[in-house]
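# An overview of the molecular structure
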Amino acid sequence: MVRLISKDVDLRELLNQIGSDPASYGIFLDKDSHLRVWIDEVYYPAASVIKQECLSCGADAAVHKHVITGKVEKSSVLILANVRQLKCLVDKLRRMPYWGLNQIADEIKSVLEDREARTFVLTMPNGTLELRRTKVMTILNATPDSFFPGSRVDLHTGLERAVDAEENGAAFIDIGGASTRPGAAEIGEDEELTRVIPLLRQVRERVKLFISVDTYRAEVAKQALENGADLINDIYGLQFDKEMANVIADYGVPVVIMHMRGTPATMQEYASYDDLMKELHTYFVERVEYALSKGIKENQIILDPGIGFAKLPEHNLEVLRRIEELFTLGFPVLVGHSRKSTMGKILGGVPAEERLFGTVAWTSYLTWKGVHIVRVHDTKPNVDAVKAVEAIREGI
């Protein structure tokens, strides 16, 4: 696997993970001014060739200290290079049909292509939307037990909040009928339909916003799409209900594929990772391949790293710090960070009601990083944050 590594990760940490000679750290620290390309474990002669060809292109690469002696069978490789140097490396490795070097060249080329700023266009039943700037998705929880009481709505308050979201600049609303907070019990399909469909119909009649429905059940998704929904947000990444992918493909709508382990009731039992970002990449590659095999189109897929889902606070912070690494997968990225418990811990154990300012700070950070969609409880403060950050980057 080839992927970009965020500049916000300590280079010493990466060199230690590879097994580089500590005496060489200073050399690499002096060269850490361009892109970081990580290649997961390759046969040691291939690692040696990559390093030599990097040097011939004016770049450098860190490998295990025993690659040169052959005392290790495999080594990960960290390339430090600019775009021109990486293109030079790709040209050289493509001529080497051994040890998988030509395939590595193709993967580096793909990473470079997906790194470039891409404008995604979502095509939905009620129109199209260009994701050139960060868009806000406002949460409507038609549940009695969501973790933030202020997000819970009924038919009347749900409509009011939808109208408010439209008036204050949101691009989407996201209606959910089943709580997915840690420890939440699963509800029945009939109950979920009862909570979601009447609210959806009422909102669809009054607002022109794009409507997402947060569900992992194919029947709920189908009825939602028949009643005016534009996209489906599936926390299970198309794994809970095997018919979900077929529904998405048949209706030709976008789908949010989220990362999670276990279920909402059990997920925190699975919050242990050897390499979290590698896990996310592997998971999304597998889920995207599955989606495509079921007839879902590439331009229908949105990725969500699942902040708070089978992740401890330190995991959530690592994902946020390195969020741009997911951009190289070539799909829009949605982040649902609003009022999460990690923010509560950062702020000294405050309840969800007191996490708005922290949420807006994270929205600002994610906007600066280039995240495509932020999913939040509070429309206006977060829309204002997006506008303020975008103005710095692109002007008024």
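See the structure above.
Numbering of residues starts from 1 in each chain and follows the order in which that chain's sequence is written. Selection of residues for local features in this predicted model requires a pLDDT of at least 70, selection of side-chain atom pairs for listing and counting requires 80 or more, and totals for whole chains, interfaces and linings are taken over all residues. Each side-chain value is derived from all of the structure's non-hydrogen atoms; neither hydrogens nor water enter the calculation.

### Quick word on the environment of T342
Threshold: Strands here are runs of E lasting at least two residues and helices are runs of H or I lasting at least four, both read from the DSSP assignment and numbered beginning at the N terminus. Burial classes: relative accessible area under 20% of the type maximum marks a residue as buried, over 50% as exposed, and values in between as partly exposed (1.4 Å probe, protein chains only). By the convention used here, residues are in contact when the closest approach between their heavy atoms is within 4.5 Å.
Considering the arrangement of structural elements, one finds T342 in helix α12 (residues 341-346). Residue T342 is classed as buried on the basis of its relative accessible area, which comes to 2%. Each C-alpha atom of the pair T342 and L101 lies 41 Å from the other, and the pair is 241 residues apart in sequence. Discounting chain neighbours no more than four positions away, the residues touching T342 are P313, N316, L317 and W362.

### Re the state of the cysteines
In plain terms, the rule: A pair of cysteine sulfur atoms is labelled a disulfide when the two atoms are within 2.5 Å.
Tallied over the entire structure, the rule returns one disulfide. Disulfide partner of C57: C88, at an S-S distance of 2.1 Å. Between C57 and C88, the S-S dihedral sits near -70°, and the bridge is therefore left-handed. Of this pair, C57 sits in the loop between α3 (44-56) and β3 (60-62) while C88 is found in helix α4 (residues 83-93), placing the two residues 31 residues apart along the sequence. Under the relative-accessibility criterion, C88 is labelled partly exposed at 24%. C57 provides the cysteine sulfur closest to C54, a residue in no disulfide bond, and the two sulfurs are 7.0 Å apart. Among the residues examined, C54 registers a relative accessible area of 1% and is labelled buried.

### Concerning the packing of aromatic side chains
In this description, an aromatic ring pair is defined by two values, namely the gap between the centres and the angle between the planes. Going by this rule: Stacked, tilted and edge-to-face are the three classes assigned to paired rings of Phe, Tyr and Trp, where Trp is represented by its six-membered ring and a pair needs centres within 6.5 Å; plane angles under 30 degrees give stacked, over 60 edge-to-face, the rest tilted. Criterion for a charge above a ring: Arg CZ or Lys NZ at most 6 Å from the ring centre, at most 35 degrees from the ring normal.
Evaluation of the coordinates by the stated rule reveals eight aromatic pairs. Taking 4.9 Å as the distance between ring centres and 75° as the angle between the ring planes, the aromatic pair formed by Y216 and Y236 counts as edge-to-face. Note that Y216 is positioned in the loop between β9 (210-214) and α8 (218-226) and Y236 in the loop between β10 (231-234) and α9 (244-251), a separation of 20 residues in sequence. Each member of the pair Y216 and Y236 is classed as buried. Judged by its relative accessible area of 10%, Y236 falls in the buried class. Joined through ring pairs, the aromatic side chains of Y43, Y44, Y98 and W99 make up one cluster. Above the ring of W368, the side-chain terminus of R393 is found at 5.4 Å from the ring centroid.

### Notes on the sheet that holds strand β1 (residues 2-4)
What counts, and what does not: Think of it this way: DSSP has to see at least two bridges between two strands before they count as a pair. Note on definitions: angles span 0 to 180 degrees between N-to-C directions of axes, and those axes are lines fitted to C-alpha atoms, for helices only across the stretch in contact.
With antiparallel pairing, four strands are arranged side by side in an open sheet as β1-β2-β4-β3. Looking at which strands have only one partner, the edges of the open sheet turn out to be β1 and β3. Going from strand to strand, the sheet's axes swing by 25° on average, the running direction of each strand aside. Here strand β2 (residues 35-43) runs beside strand β4 (residues 74-81); their pairing, made up of seven bridges, is antiparallel. Residue Y43 lies in a different strand from β4, and its bridge partner there is K74. Running at roughly 150° to β4, helix α1 (residues 11-18) makes contact with β2, β3 and β4 of the sheet.

### Digging into the sheet that holds strand β7 (residues 135-141)
Taken in spatial order, the eight strands of this open sheet run β12-β11-β10-β9-β8-β7-β14-β13, and their pairing is parallel. Of all the strands in the sheet, the pair left with one neighbour each is β12 (301-304) and β13 (334-335). Pairing analysis gives four bridges linking β7 to strand β14 (residues 373-376), with the strands arranged parallel. Residue T138 lies in a different strand from β14, and its bridge partner there is V376.

### Some remarks on the environment of Y236
Sequence-wise, Y236 and T263 are 27 residues apart; in three dimensions their C-alpha atoms are separated by 8.1 Å. Apart from the residues within four sequence positions on either side, Y236 is in contact with Y216, M258, M260, G262, T263, P264 and Y283.

### Details of the nonpolar core
Spelled out, the test is: The term nonpolar core refers to a set of buried residues drawn from Ala, Val, Leu, Ile, Met, Phe, Trp, Tyr and Cys, joined through side-chain atoms within 4.5 Å.
Core analysis: the largest hydrophobic core is formed by 76 residues, its most contacted members being I173, L238 and I257. A total of eight residues in this core trace back to one element, the largest contributor, which is helix α10 (residues 276-293). When neighbours within four sequence positions are excluded, L238 is seen to be in contact with M244, A245, V255, I257, R287, Y290, A291 and I296. The next biggest cluster of nonpolar side chains, apart from the first, holds 30 residues, and it includes L4, I39, V49 and I79.

### Points about the packing of α8 against α9
The condition that has to hold: Roughly parallel means an angle under 35 degrees; roughly antiparallel, over 145; roughly perpendicular, 65 to 115; everything else is oblique. Crossings are classed by handedness, with left-handed meaning an anticlockwise turn of the near helix from the far one by less than a right angle and right-handed meaning a clockwise turn. As a working rule, the residues Ala, Val, Leu, Ile, Met, Phe, Trp, Tyr, Cys and Pro are called nonpolar, Asp, Glu, Lys and Arg charged, and the rest polar, with Gly in that last group.
Between α8 and α9, whose axes approach to 8 Å, the crossing angle comes to 20°. Taken together, the axes of α8 and α9 lie roughly parallel to each other. Where α8 crosses over α9, the handedness of that crossing is right-handed. Contacts between α8 and α9 involve A218, A221, K222, L225 and E226 on the former and, on the latter, M244, V247 and Y251. In terms of residue class, the contact of α8 with α9 is built from six nonpolar, no polar and two charged.

### With respect to the side chain of N382
How we decide: Any N or O atom pair separated by 3.5 Å or less is treated as a polar contact, with the protein-specific requirement of one donor-capable and one acceptor-capable atom, and with residues adjacent in sequence counted only for side-chain atom pairs.
Structurally, N382 is set in helix α14 (residues 379-394). Within the local environment of N382, its side chain forms a polar contact with the side chain of T363, the two groups lying 2.6 Å apart. Those residues in contact with N382 that lie beyond four places of it in its chain are V136, T359, V360, T363 and V376.

### Topic: helix α11 (residues 313-321)
Among the residues making up α11, those that are buried are H315, N316, E318, V319 and L320. Summarising the contacts, the buried residues of α11 are in contact with α10, β13, α12 and α13 (356-369).

### Digging into the pattern of salt bridges
What counts here: Any carboxyl oxygen of Asp or Glu that lies within 4 Å of a side-chain nitrogen of Lys or Arg is treated as forming a salt bridge with it.
Counting across every chain of the model gives 27 salt bridges. In this structure, the salt-bridge partner of R94 is D106, at a minimum N-O distance of 3.2 Å. Taken together, the residues span a long stretch of sequence, with R94 in the loop between α4 and α5 (101-115) and D106 in helix α5 at a distance of twelve residues. On the basis of relative accessibility, which here comes to 39%, the residue R94 falls in the partly exposed class. Among the charged side chains, a salt-bridge network with shared partners connects E130, R132, R133 and E394.

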